Amino acid sequence: MFRGEQATFDGDFRDAAFHFERAAWGYETLGDPFPAAEATLELGRCFLFSRRGEWLPKLAGRLANLAKEEAASLPPGGLVTLLVWASILRKGEAEPLALAQLIRARRRARSTVPPQPPHLVSGGLPMIDSMPPLFLIPPERLGRHPQDDDWSLSSEGNWFVRVIDDPSAASRIETGAKIINLGGLIECPAQMEIEKQRVVVKIAADHRGYALITALRDSAQRLEGTAS
């Protein structure tokens with residue numbers, strides 16, 4: 001990873017890609033999914049700067065497969081976190097700033113924390129207050145609503161909204177709290193409103209919110225597949 005970063009500083013993205021690919025393979029072989037995922041993100045950045053953005057969806061697929069294969073050994077929220085990273089990597093050519101911010105955050109974490117298994121809370125994206133305005137994606141640029149019938153876009157266009165109306169009040173609150181907690185892991189702004197007969201959850205209508213919903217859906221599909 002260090003050699004890859006040094007090569008990127010020198011502008012040699014071909015050499016950097018070689019080192020990051022070796023790091024990703026090595027970490028995956030050792031069963032360390034988070035470092036392997038970070039190396040894959042860096043590899044994607046190299047392809048992007050080398051004008052080979054068409055490879056990013058394939059790398060994202062590799063990252064998503066890694067997350068699902070290692071799901072049993074990941075800590076709570078780990079699967080969703082890695083699936084969010086995969087979603088950001090997949091859209092890296094169209095939204096390079098989100099990928100750059102994620103990689104910058106991970107580099108800061110690696111440089112300030114002694115070598116150890118990554119901590120999920122420190123592994124998210126930068127806070128929204130520190131983001132340039134370009135990071136916020138206007139709803140019309142999303143192209144479509146999140147691929148989940150339970151979510152809709154607010155009238156103001158700044159929130160993805162889900163109404164939870166399970167018969168059990170405890171179940172409603174538990175489901176809402178779980179989404180809020182997962183949003184917190186990737187520092188995605190989120191709100192929960194508890195009403196008499198329902199719970200309303202709102203998450204930011206930007207790339208993080210879209211990625212979170214996509215990851216939640218993929219995780220649910222995986223659980224359904226396992227149950228069947």
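Please refer to the structure higher up on the page.
The structure reproduced in this document is the subject of the present report. Since this is a predicted model, take the numbers as computed values, not measurements.

The rules we used
Residues numbered from 1 in each chain as written. Predicted model: local features only at pLDDT ≥ 70, side-chain atom pairs only at ≥ 80, totals over all residues. Heavy atoms only, no water. Salt bridge = Lys/Arg side-chain N within 4 Å of Asp/Glu carboxyl O. Helix = DSSP H or I, 4+ residues; strand = E, 2+ residues; numbered from the N terminus. Buried < 20%, exposed > 50% of the residue type's maximum accessible area, 1.4 Å probe, protein only. Pairing = 2+ DSSP bridges. Axes fitted to C-alpha atoms, helices over the stretch in contact; angles between N-to-C directions. Expected span 1.5 Å × (residues − 1). Arc of directions from axis to C-beta. Core = buried A, V, L, I, M, F, W, Y, C linked by side-chain atoms within 4.5 Å. Contact = heavy atoms within 4.5 Å.

**Digging into the pattern of salt bridges**
(1) Moving on: Overall, the coordinates contain six salt bridges when judged by the stated rule.
(2) Moving on: Two residues, Glu42 and Arg107, come together in a salt bridge whose shortest N-O distance is 2.8 Å. Of this pair, Glu42 sits in helix α3 (residues 33–49) while Arg107 sits in helix α6 (residues 96–112), placing them 65 residues apart in sequence.
(3) Moving on: We classify Glu42 as buried; its relative accessible area is 1%.
(4) Moving on: Judged by its relative accessible area of 15%, Arg107 falls in the buried class.
(5) Moving on: Residue Glu54 is joined to Arg52 by a salt bridge in which the shortest nitrogen-to-oxygen separation is 2.7 Å.
(6) Moving on: For Glu54, a relative accessible area of 45% corresponds to the partly exposed category.

**Topic: the sheet that holds strand β4 (residues 199–204)**
(1) Moving on: The four strands lie next to each other as β1-β2-β4-β3, forming an open sheet whose pairing is antiparallel. Each edge of the open sheet carries a strand with a single partner, namely β1 (151–153) and β3 (190–194). Taken over all neighbouring pairs, the strand axes of this sheet differ in orientation by 25° on average, direction set aside.

**A closer look at helix α5 (residues 78–90)**
(1) Moving on: Under the 1.5 Å per step criterion, the end-to-end length of α5 is 18 Å for 13 residues, consistent within 8% with the ideal 18 Å.
(2) Moving on: Counted residue by residue, α5 has 12 buried out of 13 residues, so it is predominantly covered.
(3) Moving on: For α5, the full list of buried residues reads Gly78, Leu79, Val80, Thr81, Leu82, Leu83, Val84, Trp85, Ala86, Ser87, Ile88 and Leu89.

**Points about helix α4 (residues 56–69)**
(1) Moving on: Taking 1.5 Å per residue, 14 residues should reach 20 Å; α4 reaches 20 Å between its end C-alpha atoms and fits that length.
(2) Moving on: When α4 is considered as a whole, its buried residues turn out to be Leu56, Leu59, Ala60, Leu63, Ala64, Leu66 and Ala67. Relative to the axis of α4, the buried residues are bounded by an arc of 155° and lie together on one face. Of the exposed residues in α4, those oriented more than 90 degrees away from the buried face are Lys58 and Glu69.

**Regarding the nonpolar core**
(1) Moving on: Residues Leu41, Leu63, Leu82, Trp85, Leu89 and Ile203 are the most contacted members of the largest nonpolar core, which totals 52 residues.
(2) Moving on: It is α5 that provides the largest number of residues to this core, a total of nine residues.
(3) Moving on: The residues contacting Leu63, other than those within four sequence positions of it, are Ala37, Thr40, Leu41, Leu82, Trp85, Ala86 and Leu89.

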